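Letter by letter, the chains look like this.
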Amino acid sequence: MRQIRQSDKLKNVRYDVRGPILVEAQRLEAEGHRVLKLNIGNPAPFGFEAPDAIVADMVHHLPDAQGYSDSQGIYSARTAVAQYYQGRGLRDTAVDDVFIGNGVSELITMVLQAFVDDGNEILVPAPDYPLWTGAVTLSGGTPVHYLCDESNGWQPDLEDIESKITAATQAIVIINPNNPTGAVYSEQLVRDLVDLARRHDLVVFSDEIYEKIVFDELQHHHTATFAGDDVLCLTFSGLSKAYRVCGYRAGWLMISGPKHLAADFLEGLTLLANMRMCANVPAQHAIQTALGGYQSIDDLIVPGGRFYEQSMTAYKLLNDIPGVSCVRPQGALYCFPRLDPEVYGIRDDEEFVLGLLRSKRLLVTHGTGFNWPEPDHFRLVTLPDVEMLTEAIGRIAEHLATLRT
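In this text, all values refer to a predicted model and were calculated from it rather than measured experimentally.

Student: What should I look at first to understand unusual backbone geometry in this one?
Tutor: Most peptide bonds take the trans form, and the phi angle of most residues other than glycine is negative. Residue Pro177 is bonded to the preceding Asn176 through a cis peptide linkage, with omega at -5°. Among the secondary structure elements, Pro177 is positioned in the loop between β6 (169-175) and α7 (187-199). In this model, Asn179 is joined to Pro180 through a cis peptide bond whose omega is 25°. Relative to the assigned elements, Pro180 resides in the loop between β6 and α7. Even without a glycine there, the phi angle at Asp201 is positive, about 55°. Along the polypeptide, Asp201 turns up in the loop between α7 and β7 (203-207). Its relative accessible area of 69% is what places Asp201 among the exposed residues. You will see that Arg249, though not glycine, has its phi angle at about 55°, which is positive.

Student: Would you mind showing me how to read the environment of Leu291 here?
Tutor: Along the chain, the position of Leu291 falls in helix α10 (residues 281-292). Exposure remark for Leu291: the relative accessible area of 15% places this residue in the buried category. Beyond its immediate chain neighbours, meaning those up to four positions away, Leu291 contacts Ala80, Val81, Tyr84, Tyr243 and Trp252.

Student: Explanation requested: the layout of surface pockets in the structure shown.
Tutor: Here the idea is plain: a probe the size of a water molecule rolls over the atoms and shows the empty space left. As a volume, the largest pocket reaches approximately 500 Å³. In terms of lining residues, the largest pocket is bounded by 27 residues, among which Tyr15, Ser105, Tyr129, Lys241 and Arg249 are the most central. In terms of residue count, the dominant contributor to the lining of the largest pocket is helix α4 (residues 103-115) (four residues). For the lining of the largest pocket, a count of residues per class yields 13 nonpolar, nine polar and five charged.

Student: How do you make sense of the pattern of salt bridges when you look at a structure like this?
Tutor: When their charged atoms lie close together, side chains carrying opposite charge are able to pair. Applying the stated criterion to the full structure yields 18 salt bridges. In this structure, Glu29 and Lys37 form a salt bridge, with 3.1 Å as the shortest nitrogen-oxygen distance. A relative accessible area of 28% means that Lys37 is categorised as partly exposed. Ionic pairing is found between Arg78 and Asp96, a salt bridge with its closest N-O pair at 3.6 Å. Residue Arg78 is found in helix α3 (residues 75-86), and its partner Asp96 is found in the loop between α3 and β2 (98-101); the two are separated by 18 residues along the sequence.

Student: What am I meant to see in the sheet that holds strand β11 (residues 334-335) here?
Tutor: Consider a sheet: its strands pair through backbone hydrogen bonds, and that pairing is either parallel or antiparallel. If you walk across this open sheet you meet the three strands as β11-β15-β14, and the pairing is antiparallel. Looking at strand neighbours, the two that pair on one side only are β11 and β14 (365-366), the edges of this open sheet. Strand direction decides the pairing type here: β14 and strand β15 (residues 378-381), joined by two bridges, are antiparallel. Residue Thr365 lies in a different strand from β15, and its bridge partner there is Arg379.

Student: Looking at this structure, I do not really get the pairing of β15. What am I missing?
Tutor: The side chains of a regular strand alternate, residue by residue, between the two faces of the sheet. Of the two faces of β15, both are covered, the one formed by Phe378 and Leu380 as well as the one formed by Arg379 and Val381. Bridge analysis of β11 against β15 gives two bridges, and the strand direction is antiparallel. Residue pairing for β15: Tyr334 is matched across the bridge by Val381.

Student: It is not clear to me how the pairing of β6 should be interpreted in this structure. Could you clarify?
Tutor: In terms of residue burial, β6 counts as a mostly covered element, since six of its seven residues are buried. One crossover worth recording links β6 to the parallel β7 by way of α7, and it is right-handed.

About the criteria used
- Numbers given to residues run from 1 along each chain, matching the order in which its sequence is written.
- Since the coordinates come from a predicted model, pLDDT governs what is reported: local features require at least 70, and pairs of side-chain atoms require 80 or more to be given and counted, while whole-chain, interface and lining totals use all residues.
- With hydrogens and water excluded, all non-hydrogen atoms of the structure serve as input to the side-chain values.
- Segments assigned H or I by DSSP are reported as helices when at least four residues long, segments assigned E as strands when at least two residues long, and all are numbered from the N terminus.
- Relative accessibility under 20% of the residue-type maximum defines a buried residue, over 50% an exposed one, and the middle range a partly exposed one, all with a 1.4 Å probe and only protein chains included.
- Any two residues having at least one pair of non-hydrogen atoms within 4.5 Å are treated as being in contact.
- Method remark: on a 1 Å grid restricted to protein atoms, a set of points is classed as a cavity if a 1.4 Å probe fits but cannot get out and as a pocket if it is open with protein on both sides within 12 Å along at least five of seven lines; lining residues have an atom within 4 Å of a point.
- Grid points are joined across faces, edges and corners, and a volume is the space filled by probe spheres set on the points.
- Each residue gets one of three labels, nonpolar for Ala, Val, Leu, Ile, Met, Phe, Trp, Tyr, Cys and Pro, charged for Asp, Glu, Lys and Arg, and polar for the others, Gly among them.
- The term salt bridge refers to a side-chain nitrogen of Lys or Arg lying within 4 Å of a carboxyl oxygen of Asp or Glu.
- Two strands are counted as paired when DSSP detects at least two bridges linking them.
- Assignment of crossover handedness uses the view with strands pointing away from the viewer, where a clockwise path from the first strand over the helix to the second indicates a right-handed crossover.

Take it as geometry only, folks, not as evidence of what the structure does.
As structure tokens, then:
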């Protein structure tokens, strides 16, 4: 009998956040070991619960959520999203500009399938959230990685971006606040990125899922605000992180700019939305309540709040380890520390995180898994409480002590 093999389309597709290292962690757990998993930004295992009002509203609407909804989403959810952006200066946002999806991940994949032709190039940050690179590749395109500058707070390098634009470049991905670095982009930087897209006639994909998780009274700036009516901007966001409901899979896409020039693309996107029938209907009923109700996230991102204190604790403790440096996160739920090659000499960062997992029962993700070009970084999730984080980073310090050259 013939071997049944995976499609060639998957040859260069990776998602190492849940890759071979997770398989090894699951093997260790099956043997009875307890593994502390700091590889994925999932608040629920660390004591974060959905706001009561969101749960209550979902439960209340369950009897009305048994059938398919409109493929773009239920009207109340799309209205709430449209009004959310209207209240942030995007006054022309209409209900029909909003698509509801099973999380941002589904919407990213749908958009790229509708947009990318074979050979198209899409500018993606390095480091990136690896779904972007994988989804571009799976859709037949070529991800071209532009560098974010660690020495400048992980801000995108505008000159590097400009140097990588070719006749095949169709769009640029902006992740702000950034996963995995925790960088939050200034108003001027967002303007500069949009101006670059405007000069080169690029579509902008703005991943803003962490928009409410910013520290030190910094302000998140919506890319669409500066894209105006002459740059097509697709904004991605949702409930999973700010409202601690990752499992509900409630995300959205908002489209702004010259939609009349994108009618053919939008027809294709609508076709794909129709083909998947609709997003999870019970979770759609949570969107209006979440966006219109008490914003409990505000208590978590200020000094004394868990997100803030955990992020700052991780940043400090990582920098206390000899040969480790970490840029202070300005938002999101991660640290992306650097391991000095002259101190540790790591040639394979996946082997490094596997070694850490086996020796200390601690699961993190290697930096090249986020398409960073050198094996000298890893990503740490900062969701555990301060006590647990302190213990976890202590384990990292102990393991690194065995690796110093």
